[in-house]
Amino acid sequence: MKKLGILVSGRGSNMQAILEACDSGSLKAKVGLVLSNNADCPALIIAQKYNIATLHLSSKTHPDQQTLDLAMHNALSEHQIEIVIMAGFMKKIGLQTLSAFKGRIINIHPSLLPKFGGKGMYGHRVHEAVIAAGEKESGVTIHLVEGDYDQGQILAQRKIALSDLETSSSLADKILKIEHVLYAETIQKIIDGQITRTLD
Ligand code: GRF
């Protein structure tokens, strides 16, 4: 069984969907660690209910960025994490962790990247921008993490059509439902070797 580490900052609904998929056996993996930069986030409480090891690492625990990066790398290594799943993690990953887990860190984003991604594009801002631009479709992207926000090889995308009456909150609801299914499915495909990753 592949061991997953999940990085979270907030609500944790994608993390929960992954934990449920592991429990049901539809995702043949085990979550070994949930790591957050936010000690008070709901995601950590959910993870503890599932009896998953949790850890808070942030500039509060490690004011120096390189030491923080090293602590993250060490924690993931000590828990023998093989794939790192970002699920609403709001910080950039440090260079040391990025290089140690090259090709093995993935992120989910609630738009059809490269559209509506990048710094500051998160939460409702994404959906508001999609609607303001008059887009006819939006969707979910899962990609490899290669440093900058929302950059890296696209591993999976799923599209939905916008209705004429779409609002940012109706769009957010639709997209989140897709995320919860697509993330676990894509992780399983990665584990099964069905998705080719560019590793250089
Ligand atoms: C999701 O919309 C995800 O695409 C984005 O952050 C949000 C996290 O939601 N990266 P949750 O914490 O998984 O509920």
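Look up a bit, the structure's there.
Report on the accompanying structure.

Glancing now at the overall build of the protein. Along the backbone of the protein there are six helices and seven strands. Overall, the protein shows an N-to-C arrangement of helices and strands of β-α-β-α-β-α-β-α-β-α-β-β-α. In terms of overall size, the protein behaves like a compact globule, its C-alpha atoms giving a radius of gyration of 16 Å where 200 residues would be expected to give roughly 16 Å. Seen along its three principal axes, the alpha-carbon backbone of the protein occupies a region of about 50 × 40 × 40 Å. For the protein, the proportion of contacts with a sequence separation of at least 24, taken over those separated by at least 6, is 65%.

Moving on, we come to the pairing of strand 4 (residues 83-86). Side chains of strand 4 alternate between two faces, with Ile83 and Ile85 and Val84 and Met86 buried alike. Examined bridge by bridge, strand 1 (residues 2-8) and strand 4 share four bridges and lie parallel to one another. Note that in strand 4 the partner of leucine 7 across the bridge is methionine 86. Crossover handedness for the path strand 4 to helix 4 (residues 95-100) to strand 5 (residues 105-109): right-handed.

Another point: the packing of helix 5 (residues 124-132) against helix 6 (residues 168-191). Packing of helix 5 against helix 6 brings their axes to within 9 Å, and their N-to-C directions diverge by 115 degrees. The handedness of the crossing between helix 5 and helix 6 comes out as right-handed. Touching His124, His127, Glu128, Val130 and Ile131 of helix 5 are Ser168, Ser169, Leu171, Ala172 and Ile175, all from helix 6. A class-by-class count of the residues in the contact of helix 5 with helix 6 yields five nonpolar, four polar and one charged.

Here we take up the environment of tyrosine 50. Tracing the chain through its elements places tyrosine 50 in the loop between helix 2 (42-49) and strand 3 (54-56). Note: C-alpha distance between tyrosine 50 and glutamine 16 (34 residues apart in sequence) is 9.1 Å. Excluding residues within four positions of it along the chain, tyrosine 50 makes contact with Gln16, Leu19, Glu20 and Asp23.

Here we come to the site of the ligand. Surrounding the ligand, one finds Arg11, Gly12, Ser13, Asn14, Gly88, Ile108, His109, Pro110 and Glu179. In this structure, a nitrogen atom belonging to the ligand sits 2.9 Å away from a main-chain N or O atom of isoleucine 108. In the complex, the protein chains occlude 83% of the 370 Å² of accessible area that the ligand would expose alone. At the level of elements, helix 1 (13-24) and strand 5 are the ones that each hand at least two residues to the shell around the ligand. Class assignment of the residues belonging to the shell around the ligand gives a composition of two nonpolar, five polar and two charged.

Note: strands within a sheet are paired through backbone hydrogen bonds, in either parallel or antiparallel orientation. Across the sheet, seven strands lie side by side as 3-2-1-4-5-6-7; this open sheet has mixed pairing. Edge positions in the open sheet fall to strand 3 and strand 7 (154-161), since each of these has one partner strand only. Neighbour-to-neighbour, the strand axes of the sheet open up by a mean angle of 20 degrees, direction not taken into account. With three bridges connecting them, strand 2 (residues 29-36) and strand 3 associate as parallel partners. From the neighbouring strand, valine 34 faces strand 3, where its bridge partner is threonine 54. Along the sheet, helix 1 contacts strand 1, strand 2, strand 4 and strand 5; its crossing angle with strand 2, the most-contacted strand, is approximately 160 degrees. Along the sheet face, helix 6 touches strand 1, strand 2, strand 4, strand 5, strand 6 (137-144) and strand 7 and points at about 150 degrees away from the line of strand 7.

Rules of the game
- Residues numbered from 1 in each chain as written.
- Predicted model: local features only at pLDDT ≥ 70, side-chain atom pairs only at ≥ 80, totals over all residues.
- Heavy atoms only, no water.
- Helix = DSSP H or I, 4+ residues; strand = E, 2+ residues; numbered from the N terminus.
- Rg over C-alpha atoms; globule rule 2.2 N^0.38 Å.
- Contact = heavy atoms within 4.5 Å.
- Buried < 20%, exposed > 50% of the residue type's maximum accessible area, 1.4 Å probe, protein only.
- Pairing = 2+ DSSP bridges.
- Right-handed = clockwise from strand over helix to strand, strands pointing away.
- Axes fitted to C-alpha atoms, helices over the stretch in contact; angles between N-to-C directions.
- Left-handed = near helix turned anticlockwise from the far one by under 90°.
- Nonpolar A, V, L, I, M, F, W, Y, C, P; charged D, E, K, R; others polar.
- Near = heavy atom within 4 Å.
- Polar contact = N/O pair within 3.5 Å; in protein donor to acceptor, adjacent residues only side chain to side chain.
- Areas by Shrake-Rupley, 256 points an atom, 1.4 Å probe, with all protein chains shown as cover.

Interpretation note: all reported values are geometric properties and have no functional meaning in isolation.
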